[in-house]
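# Report on the structure
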Amino acid sequence: MVSVAEVLIIRGYMPITALDSTDIDRDEIVDDLVDQGVISPSQAASARAEAAGLSFVELAEYPVDSAAISLVTSQICRRHSVLPIHATSSTITLAMADPGNVLAIDDVRAVTRLHVVPVVAEATDLEQAINRYHRADGELTSLTSEITDETSTEIATNDYSEIRDDDAPIVRFVHLLISQAIQDRASDIHIEPTEYDFRVRYRIDGVLHEMQRAPKNIQNAVISRLKIMADIDIAERRKPQDGRLSVQHSGTKIDLRVATLPTVFGEKIVMRILDNSTTTLSLEALDLLERNAAVFKESYTKPYGMILVTGPTGSGKSTTLYTTLHAVSTPEINVITVEDPVEYRIPGINQVQVNPKAGLTFASALRSILRSDPDVVLLGEIRDHETAQIAIEASLTGHLVLSTLHTNDAPSAVTRLIEMDIEPFLVGSALDCIVAQRLARRLCEKCKEQYVPEVSQLVGMRIGFDPELHAVPTLHRPAGCQHCSGTGYRGRIALHEVMQISEAIERLAVARASSAEIGRVAVEEGMITLRQDGWLKVAMGKTSIEEVLRVVA
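One structure accompanies this document, and this report is about it. (Residues numbered from 1 in each chain as written. Predicted model: local features only at pLDDT ≥ 70, side-chain atom pairs only at ≥ 80, totals over all residues. Heavy atoms only, no water.)

### Focus: helix α13 (residues 317-328)
As a reminder, the rule being used: Helix and strand labels come from DSSP, where a helix needs a run of H or I of at least four residues and a strand needs a run of E of at least two; each type is numbered from the N terminus. A helix is expected to span 1.5 Å for every residue after the first. Throughout, exposure labels follow a simple rule: accessible area from a 1.4 Å probe, protein chains only, divided by the maximum for the residue type, with under 20% read as buried, over 50% as exposed, and the rest as partly exposed.
The end-to-end C-alpha separation of α13 is 17 Å, in line with the 16 Å expected for twelve residues at 1.5 Å each. For α13, the buried fraction is high: nine of the twelve residues fall into the buried class. Those residues of α13 that sit buried are K317, T319, T320, L321, Y322, T323, T324, L325 and V328.

Shown next as structure tokens:
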């Protein structure tokens, strides 16, 4: 039988001289090639299958049989890293990362009493498939039943502050809710009391999906457990509170920001899952078009001035700011942030948490920061006149100031600052660049399909499409597959409107011109509006017309 390395030689992925040394394990050679990026993990797994005389499957594309899944428990699948994908009356096809794992084959044969036919799958692909098909939903349902027995009901309706046993059903229930949300790539978890029960919803790719409903009598236990984890006062149920908690998921520490809100049926809890990978994103990952990227880079590479990122809550403003901060931060400069709350902890950067109870507001913190010799200041949000005034003055005295503002588009940010009683000439002088953005769902690369849109649909985009002048383009739309859970979308893409403050726009600011007039001049100078940016990304096959119309007014 040939080895995996020999298969790779036959396929031309590695030279025959790689086997000249007898001191090197041939499997180690393959692992090194994967680490070096010479071959992909899929190519290595495919070679491993050929060397073992087995078939190779890509689980993202394979039509997995749900009946086969139910024959083997999730515990066995996770313990041995295997997944049954097809079954007949006498055989069961088993996807494995390691086809030589005879213990796994024996265990599956013992529980199913069927002949096992092993096939090889790439390890990461297999892990994702196991997580996809053996979700925590079933376990959550069984835990709900367990919690609602007599003993657990007594716990749920009484003081829960002393229940800290990791094996307690309520602890496992909360842990599963969080781990399932992280696995499903959710950005937020909503736990919402209703009159007769409470429901759990996950926000995935910007859209809320109901995931679980549980009996009313375990509501207090779940809320109390979360408040204990977030170090929130469990006795206070009449006013909103904020906290933070951390969990371990697949060996990675995940932070969650927790907010409670009293409602008529009990306290609602919303947990924002903070993805720390966004702090190390490259600016290329923000999907800025070439013109927008050039204008934005010209602004953040200046030693002073103000850059504003605007948009509604959940539009990716923090991600853009942190990515920009990552691009400008070097050991030679002093970077200080003022945030409420500090969402992501970044090594090498001085981060200040606002604490109004102690008198540490955005304005007071910013005053102190300016006496701490900063080069770059990130201000979480400009909320009032005092904060805006100090931020403007900081940008005019040799500091690069990054901040956010809640406006619908880039031109409105200029008029918003003037409405905050900032002198118009200061606004025009201090501002250097304004970025408005929205997040749209990204089309799933596995299943998106081509189509020719109706002319009326293109006219409805309001992008200046004229059927007499322009040919109808071929676009893409969502289809739905296992990879994207049938939605047709996977991940999100940002739509941008980048406005550089030119002399003409500065004069309009001083003249207190309307945002519509500022916007008209900015477009004449080359600004791409949010809707136009969305259309260009539709034409590139990255999102759909419906998504752009959903997020852009």
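### As for the pattern of salt bridges
Put simply, the rule is: By convention in these notes, a salt bridge is any Lys or Arg side-chain nitrogen within 4 Å of a carboxyl oxygen on Asp or Glu.
Summed over all chains, the structure comprises 25 salt bridges. As a salt-bridge pair, R383 and D340 come within 3.4 Å of each other at their nearest N and O atoms. Here D340 lies in the loop between β11 (335-339) and β12 (350-353) and R383 lies in the loop between β13 (376-379) and α15 (385-396), a separation of 43 residues in the sequence. As a salt-bridge pair, R383 and E381 come within 3.3 Å of each other at their nearest N and O atoms.

### Observations regarding the environment of P99
Threshold: Residues are treated as being in contact if the distance between any of their heavy atoms lies within 4.5 Å.
Position of P99 among the secondary structure elements: in the loop between β2 (91-96) and α6 (102-112). Overall, P99 belongs to the buried group, its relative accessible area being 18%. When the C-alpha positions of P99 and A52 are compared, they lie 7.5 Å apart, and in sequence the two are 47 residues distant. Dropping the residues within four chain positions of it, P99 is found in contact with R48, A52, L54, I105 and V120.

### Topic: the nonpolar core
Nonpolar side chains tend toward joint burial in soluble globular proteins. Under the convention used in this document: Only buried residues count toward a nonpolar core. Its members are Ala, Val, Leu, Ile, Met, Phe, Trp, Tyr and Cys residues joined through side-chain atoms within 4.5 Å.
Core analysis: the largest hydrophobic core is formed by 58 residues, its most contacted members being L308, I382, V414, L417, L431, I434 and M499. Residues in contact with V414, not counting those within four places in the same chain, are V427, L431, I434, M499, I501, A509 and I518. The next biggest cluster of nonpolar side chains, apart from the first, holds 32 residues, and it includes F173, V174, I182 and V247.

### What to know about the pairing of strand β15 (residues 431-443)
We count it as follows: At least two bridges found by DSSP between two strands are what make those strands a pair.
Counting buried residues in β15 gives twelve out of 13 residues, a clear majority hidden from the surface. Pairing geometry for strand β10 (residues 305-310) and β15, over five bridges, is parallel. From the neighbouring strand, I307 faces β15, where its bridge partner is C433.

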